Each structure stands twice: as structure tokens, then as C-alpha cells.
Amino acid sequence: MAEFDVVILGGGLSGTQAALRATELGGKVCLVEKERIGRKGFLRRNVLLAAGSQKNVKEPINWKEQLSSKEKLADEYSQNLEDKLNQAGISLVKGEGSLASPNEILVQEENTSHVIKGKSIILACGSEPLFSPTLPHEENIIISIDEISKLEKLPEKVLILGSGKWGGEAAIGFQGLGCKVFLGTDSVDIFPEMDSDFNSKVEAQLKSKKIKILANKKIISFFKNGQDLEMTLETGIKFTTNLIVMVDQRKGIEQNKVAESLGARLGGNGEILVDDFMMSSIPGVYGVGSISGKGLTDSMSKEQGKVAAENSMGKKRKLNPEWVPMLSKLVQGVGYVGCSMKSALHQGFHPIEGVNNVSFADLEMETFKIVADKRSKSVVGAQIISRQAEELIPVILLLIKKGVTVTNLANSNSIEGTRFQGLCEAARACLKAIKSG
């Protein structure tokens, strides 16, 4: 029987990140995956995004060519990731794995089965889409976000049901491919974690691309009329679509019942419940990624993997969701980290904000918000709509962790006309608000 310090079941973002982190800490690590490492997740994240960056679609997209191109990129990504894991000294086992005991994974291969033992187990084997009784799954008609890469053809009209990063990116992606897009959210805001003023700007971005926003409007009924689905919302709004894509709703996989029989607590949708250390109710067995029944952002999946790996190697670290940045590729980059004005109150802060709107070289208006604690003047959060959001948000996270004050940021040396100057101007506005208050 093979024995390891950590055995990880699942080779997605959270599982591979857990494997790499545990190895960095000196652990002997095994990762079990039945499919190509990371390939499925890569397709889900990228099958629409590249085309969505096009300014204008002048010619019809050849969907088969699009898929073929993305599948090649997914193969390359998977191979590169596998090479990285091998170079790190991680043992990769291909097969169908399941939890056999609190420290054993049973692996079913083609004609044989064997047990891999670990001092700690990290379950990172994902989740399944959850469809409602009123919107049951139907191939090429009502599908999950996982199935976009399996579509036979592009729809003329598509309804995306889901908010946040995945809902927004799917809407932009389909629009970039030439589809008419409706985006239905189960909340008033597209990004519930962000403040309302920023959500208004995000909504304006999507509307500028002719995407119809159906915020917090429940579907009352739908029926097929040829190739169309005729939809009716609770407010009486009616429209037609050819495809419905479910983004948010997830449920635990069937294998979770095995974990339950060994002592793991499951939620109402069969998801494995974990604490802030990412540990399940079975000591030494952790759960990361969407196994918890939620569609997570890339950065949250990676952070959960890191936290579980560190705790499995004897450290003691809690997941701090406020310190996990969110980045989304819409018309411009959208990102946030730390507290919003809404969440800062619940963290015991006295929040105050500074906002700076600025145009760079005749491009779209970009917006920078700094949230600070009025008493300590510490920077506690930021929200950004900018082409360089991906570069700026990690910088802000580092500043927050280092305890930088809004005064420090406001007085930082910054080159005129740069996005960092935009952040500094937001900090100056925040400092001015503190002084005037």
C-alpha cells in the first residue's frame, strides 16, 4: 500500500494548488485524477472569453473552429500543468478515486483497484450542476456552464442565469460570439459583494454591449415554440430565447455520500460542509473547491487549496475570504479585494470611501475606489474597473496585509497618467472625506 503525507482527490484549480503548496512545505504528495489534469476547468473558464474580447463581430463565428482552437489550448495547458506537478515531485495517479476511510483513497483503474494511504486527505473532486424542477436539464436547450464547450452550434439568443464573475463573463462571451444575450440574476446587484455604485457601472458596461439585464426577476413559466423558448417573468416581462445556461446552482457529487457514511456532514444539496480551516467533520479530511456546492472564482479555489494544504502539513491557518481577490474580464477588468462599504461595517470598521473616475488616452472611463477605516485610516478594501485591474488588485491586497494607511497611499509617488495614480487619487479623496467628517 502506497503511503503519503497528503493525498489529493481531484486535479482542478484547488486540487493542483493544494498539491503544489503541500510539496513546497516538504510533504510527500499524491494527486489522483480520472481525466486530464485541469483540462475541464480550463475549457469552462476560457471557451468564450477570447472571442468576448473582440470589439465588434463583423463576420459569423465558426463555432467548430472556435471549439477546436480552445481544445488545443486546453490540451497544452493540461500538459504544462502535469509537467509542473511532475517536476515538483508529486505522484500523479490516473483513475476513479473515492474516500475509503479517513486516511485512504480507493482508486479504480481499468482492470484493477488499489488503496493509497495519506496522513491527510484533501477532497477536491468538484460538484455537479443543480437544475430546478421548473428548469430541468435538456441537452442543447437548458444546460449548465460546464456544457458550453459541448454545444453543437451557437444559439441566436441565450439566457444566462447567474450573477458574479461567471454570469458576467458568460454574458460577455456569448455577446462576443454574436449572440443576443439576456442576463438573469437572483439579486439586485450583478456582483453582490461590491457596492451599489460600482454595480451600476458594471451594469452600464454590459448594457453598452446590448446585453439585457433581468435583475432579481424570477421565471414564472416557459414553453417551447419550435426552436424558441418563450419565457415569462414574475413581473410580466416576456421574451424568447434558444438556450438557457445555468451558472450558479451546484450540488455535491454522488461520492459525497461515501464521505457522509464515514462521518462527513453534508448540506442540503449534498455538498460537504467544511470549517474555516477547510476541514470536514472527519478529522484530517479536508474539502476544497466546488465540492462545497458553490461555484467559486479561480482565486478562491486556489486559496482554499493553499489553506487546506498548509493545515494538512501541520500549520494552523483560517481562510479569510476578504483577502481573496476577485477579478472578472468584462468590457473592462472588474476587481475587488478586502471590504466593501457594506461588509466593512460587519467587520467592526467605521468605513469611509474615496472614488476617482478618470479616462486614459480617450479610452473608456475607469473607476477606482478605496475603502478605509475612519479611526485608524487603514486601507481595508478596494474596488476597481480598469483595463489593468488584474495587476492592481494584487498590489492593493499586499498593501492591506501590510497595514498601509490611506495617508501613505495618498502621498505615494506615482507616475502621472498611470492607473496607480488613479488609486492614489482615490486615496486622496478618501483622506479628504475623513478630514471633512
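Up top is the structure.
Now for a description of the structure that goes with this document. For clarity, every value in this text was computed on a predicted model and none was experimentally measured. (Residues numbered from 1 in each chain as written. Predicted model: local features only at pLDDT ≥ 70, side-chain atom pairs only at ≥ 80, totals over all residues. Heavy atoms only, no water.)

1. Remarks on the overall build of the chain
And step 1. Counting its regular elements, the chain contains 12 helices and 22 strands.
And step 2. Taking 437 residues into account, the globule formula puts the C-alpha radius of gyration at 22 Å, and the chain, at 23 Å, falls close to it.
And step 3. Burial analysis of the chain (437 residues in total) assigns 51% to the buried set.
And step 4. The contacts in the chain between residues at least 6 apart in sequence include a share of 61% that link residues at least 24 apart. (Helix = DSSP H or I, 4+ residues; strand = E, 2+ residues; numbered from the N terminus. Rg over C-alpha atoms; globule rule 2.2 N^0.38 Å. Buried < 20%, exposed > 50% of the residue type's maximum accessible area, 1.4 Å probe, protein only. Contact = heavy atoms within 4.5 Å.)

2. Some thoughts on the layout of surface pockets
And step 1. Estimates place the volume of the largest pocket at around 1200 Å³.
And step 2. In terms of lining, the largest pocket is formed by 46 residues, of which the most central are Glu193, Lys294, Gly295, Leu296 and Met300.
And step 3. Going through the elements one at a time, α5 (164-176), α8 (298-312), β19 (333-338), α9 (341-346) and β22 (379-386) are the ones with two or more residues in the lining of the largest pocket.
And step 4. Per-class residue counts for the lining of the largest pocket are 20 nonpolar, 15 polar and 11 charged.
And step 5. In this structure, the second largest pocket encloses a volume near 960 Å³.
And step 6. Forming the walls of the second largest pocket are 47 residues, and the residues nearest its centre are Lys40, Arg44, Cys125, Gly126 and Ser127. (1 Å grid on protein atoms, 1.4 Å probe; cavity = no way out; pocket = protein on both sides within 12 Å on 5 of 7 lines; lining within 4 Å. Points joined across faces, edges and corners; volume = space filled by probe spheres on them. Nonpolar A, V, L, I, M, F, W, Y, C, P; charged D, E, K, R; others polar.)

3. Section: the sheet that holds strand β12 (residues 219-225)
And step 1. Read from one edge of the open sheet, 3 strands run β12-β13-β14, paired in antiparallel fashion. Of all the strands in the sheet, just β12 and β14 (238-241) have a single pairing partner and so form its edges. Going from strand to strand, the sheet's axes swing by 25° on average, the running direction of each strand aside.
And step 2. With 4 bridges joining them, strand β13 (residues 228-233) and β14 adopt antiparallel strand pairing. By the bridge assignment for β14, Thr232 is matched with Lys238. (Pairing = 2+ DSSP bridges. Axes fitted to C-alpha atoms, helices over the stretch in contact; angles between N-to-C directions.)

4. Some details on a positive patch on the surface
And step 1. Taken together, the side chains of Lys84, Lys302, Lys306 and Lys401 define a basic patch exposed on the protein surface.
And step 2. Tracing the backbone shows Lys306 in helix α8. (Patch = residues over 30% accessible without salt bridge, like charges linked within 9 Å, V, L, I, M, F, W, Y side chains within 5 Å. Areas by Shrake-Rupley, 256 points an atom, 1.4 Å probe, with all protein chains shown as cover. Salt bridge = Lys/Arg side-chain N within 4 Å of Asp/Glu carboxyl O. Lys, Arg positive; Asp, Glu negative; His and termini not counted. Charge placed at Lys NZ, Arg CZ, Asp CG, Glu CD.)

5. Considering unusual backbone geometry
And step 1. Non-glycine residue Asn140 carries a positive phi angle of around 65°.
And step 2. The phi torsion at Met278 lies on the positive side, around 70°, for a residue other than glycine.
And step 3. Looking at where Met278 falls in the secondary structure, it is placed in the loop between α7 (256-261) and β17 (285-287).
And step 4. Among the residues examined, Met278 registers a relative accessible area of 3% and is labelled buried.

6. Side note on the sheet that holds strand β15 (residues 243-246)
And step 1. With respect to topology, 5 strands assemble into an open sheet ordered β8-β15-β9-β10-β11, the strand pairing being parallel. Each of the sheet's edge strands pairs with one partner strand only, and the pair in question is β8 (142-144) and β11 (212-215). Pairwise comparison of adjacent strand axes, ignoring direction, gives a mean angle of 20° for this sheet.
And step 2. Bridging between strand β10 (residues 180-185) and β11 involves 4 bridges; their strand directions are parallel. Its bridge partner lying in β11, Phe182 is registered against Lys212.

7. Re the side chain of Arg250
And step 1. Of note, Arg250 is situated in strand β16 (residues 250-251).
And step 2. Side-chain polar atoms of Arg250 contact the side chain of Asp146, separated by 3.1 Å.
And step 3. Excluding its chain neighbours within four sequence positions, the residues that come into contact with Arg250 are Ser127, Glu128, Pro129, Leu130, Ile145, Asp146, Asn269, Gly293, Lys294 and Gly295. (Polar contact = N/O pair within 3.5 Å; in protein donor to acceptor, adjacent residues only side chain to side chain.)

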